[in-house]
Amino acid sequence: MSGTFLGMPPFPEAARDAVNDSRLRHNLRKATHTIRDRRAAVVDEMGADWQRLRAEGAAVKEHTLRHLDRYLEQLEESVERAGGRVHWASDAAEANAIVTDLVKATGETDVVKVKSMATQEIELNDALARAGITAYETDLAELIVQLGEDLPSHILVPAIHLGRAQIREIFLEQMAEWGVPAPPGLTDDPRALAEAARVHLRERFLRTRTAISGANFAVADTGTLVVLESEGNGRMCLTLPQTLISVVGIEKIVPTWSDLEVFMQLLPRSSTGERMNPYTSTWTGVTPGDGPQEFHLVLLDNGRTDVLADTVGRQALRCIRCSACLNTCPVYERTGGHSYGSVYPGPIGAILTPQLHGMSSEVDEALPYASSLCGACYEVCPVAIDIPEVLVHLREEVAASPGHAGERALMAGAEAVLSSPRALDAVQRAAGLGRGAVPRHLPGMAGAWTDTRDIPEVPAESFRQWWNKRGKGNQ
Amino acid sequence: MSSRERILARVRRALADVPADEPPVRDSGGGFADSHGVGPTLEVLEDRLTDYRALVRRVAADRIAEEVAASLERRGASRVVVPAGLPREWLSASSAAWLTDTAEEPVPLGDLDGADGVVTACAVAVAETGTIVLDGGPDQGRRAITLVPDYHLCVVRADQVVDGVPQAVRLLDPARPLTWISGPSATSDIELDRVEGVHGPRTLEVLLVEPTS
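This text gives an overview of the structure that appears in the document.

Basis of the calculations
- Residues numbered from 1 in each chain as written.
- Chains lettered and ligands numbered in written order.
- Predicted model: local features only at pLDDT ≥ 70, side-chain atom pairs only at ≥ 80, totals over all residues.
- Heavy atoms only, no water.
- Helix = DSSP H or I, 4+ residues; strand = E, 2+ residues; numbered from the N terminus.
- Buried < 20%, exposed > 50% of the residue type's maximum accessible area, 1.4 Å probe, protein only.
- Lys, Arg positive; Asp, Glu negative; His and termini not counted.
- Salt bridge = Lys/Arg side-chain N within 4 Å of Asp/Glu carboxyl O.
- Pairing = 2+ DSSP bridges.
- Axes fitted to C-alpha atoms, helices over the stretch in contact; angles between N-to-C directions.
- Contact = heavy atoms within 4.5 Å.
- Expected span 1.5 Å × (residues − 1).

## Considerations on the side chain of aspartate 259 of chain A
Counting through the fold element by element, aspartate 259 of chain A comes out in the loop between β8 (253–254) and α12 (260–271). Buried charge aspartate 259 of chain A goes without a salt bridge, the closest partner of opposite sign being arginine 26 of chain B at 4.8 Å.

Structure representation (structure tokens):
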């Protein structure tokens, strides 16, 4: 029912189609510039304190990762003490099986969902569908993506690639299939579209007894989970059902409640560019008489421990999914999120996806190159992830892998020539003599380089030749 | 081996570079500000709430009942949900029919959906971010009553307002279910235009009670 990133072409190919789509480029430019400006304004008003918060946020996350085993055990104990149940999932298949069994145990065949990157990563909706369970996305952008059988293209605003007219079409054509239809006279005014979503989902919220969420933070010492949102769909899912299942990556932990002093300032300003998002819900286990009376926390590894093992790449796990790096990236602005072939697009996706997957495909290997290394992503990152550093580190890994023997041979040849004056002189003389025969485009593998660059004209004589002649003439 | 043991073992293997004597507890470095000195607390809160398109009125402490009645009347709210612990004197000037939510007799979901609004107090408010926090206390009630009705009238006392987020976090009890509210429900999902009013209450009205001098 939903789309999949599986089988998408590697970044350079996917990006070529994207940059030729003028409507997509218009939508992306408008959206990324709007949010970039808003973020800058609310960050600037924090003055010098912003950099202190950023340093503190990075330090808290780094410390947590370095002692993750201890904090995972502490979180488990705190959640269970508060009446929740904790499950551990090594990979996507295991997480999906756990959630499917939990839903089956409730006897329900419909679940409502709060937007969650972790459940997208494990493709939970498809797994539930195979078990006869329908998962209804309730975040407006996720609803648009689900109704349109599309793929998310942004961490925060998954339908950022669509304009209001396209969204109106999707609502008119698809809402009836999933429940309450769109009103016949629906316009493309964002207000009218939001109202249509409200009406479409209202009954569903009041009726559905099981909900699935992710979490922005999981507090180890208190067992508290935190979800930031805007629309109130999160509150609906976290409050009205009887059973709540939260799928949370093991890197989402912060050690103490007071750490939220930092993150509740960093995240809203970095993500939506607001001083605070409209709604934040926090809950600790189960509260008698208020909200779900059954709470399950599914802790998800799915490649995260591999990322943790890489001392350079580990910092990617600090990410709090604000998406500021996407919004500021000149590459993302032009290619959009689908080109990255992953639920995590943009600069953070370019370092997270290949690490989570273990650089297992052509798509993964292309991602560390989906960047100009300009460093804008690092500047805006609220937890100071040095994305360019990790990109270069991953490029080294790609270059050292068996599939790149040709490049390595070429580089070894270049090294031999450039480290010997005699060899260099011989090659330069030969090139000078044969310069009429050098093509503008190189054949074979090297052609990829000359597709976008001209080979500089080879001079008749090299600098060395010229210098030597000149020296002799002066004597 | 259970998945729990497998994951913990993988984590420990991944952290082989961390020195065994590195302290597992971090001294909160702090160093960041409690607040950012943007102006007089109540004025800043009023400004931020207005920015989110909430309705805000400053009211005198001895006029709460009259102001609650006036707000409900303007809204045309005649069936109104209230938590059991809301001060009854706040309701004394209004002729609305009250649906009182108690632990023993919670208002059914359908009635919440059919109600015209809800009146509550709050636990803490943050001026700088225009945030009101509910902690499920007796004068705020369980979470559903401030979520399902389309209109939320919230009474905020001056002594509940702090300047910055860190101060609020310190005052809150994480064991209670908390709802942080910064304006009416909104979305920016369509072309990143902020539109107020999706699933939560589409109208948030705040009565900001002046300090008694």
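From this point, things continue past the structure.
## Some points on the pairing of strand β7 (residues 243–249) of chain A
A regular strand carries its side chains on alternate faces of the sheet. Residue and element names in this part refer to chain A. For β7, the buried fraction is high: 7 of the 7 residues fall into the buried class. Alignment of strand β4 (residues 210–213) against β7, held across 4 bridges, turns out to be parallel. Among the inter-strand pairings, alanine 211 is bridged to a residue of β7, identified as leucine 244. Alignment of β7 against strand β10 (residues 294–300), held across 7 bridges, turns out to be parallel. Looking at the pairing, threonine 243 lines up with glutamate 294 of β10.

## Some words on the sheet that holds strand β12 (residues 203–209) of chain B
Residue and element names in this part refer to chain B. Strands sit in the order β1-β12-β7-β4-β2-β3 across an open sheet of 6 strands; the sheet is parallel. Taken across any chain shown, the strands that pair with only one partner, and hence form the sheet edges, are β1 (55–59) and β3 (97–101). Put simply, the sheet's adjacent strands are angled 20° from each other on average, direction ignored. Judged from the 7 bridges that link them, strand β7 (residues 151–157) and β12 form a sheet pairing that is parallel. By the bridge assignment, cysteine 154 is partnered in β12 with valine 206. Against the sheet, helix α2 (residues 41–51) engages β1 and β12, with an angle of about 155° to β1. Contacting β1, β2 (79–83), β3, β4 (117–120), β7 and β12, helix α3 (residues 64–75) runs over the sheet at an angle of about 160° to β7.

## A look at helix α5 (residues 92–106) of chain A
Residues and elements named next belong to chain A. Taking 1.5 Å per residue as the helical rise, α5 with its 15 residues ought to reach 21 Å, and the 21 Å between its terminal C-alpha atoms agrees with that figure. Taken together, the buried positions of α5 are Ala92, Ala95, Asn96, Ile98, Val99, Thr100, Leu102 and Val103. Turning to α5, the residues buried within the fold contact β1 (85–89), β2 (110–113), α7 (124–130), β4, β7 and β10. Backbone geometry just after α5 places glycine 107 at a positive phi near 80°.

By themselves these figures say nothing about function.
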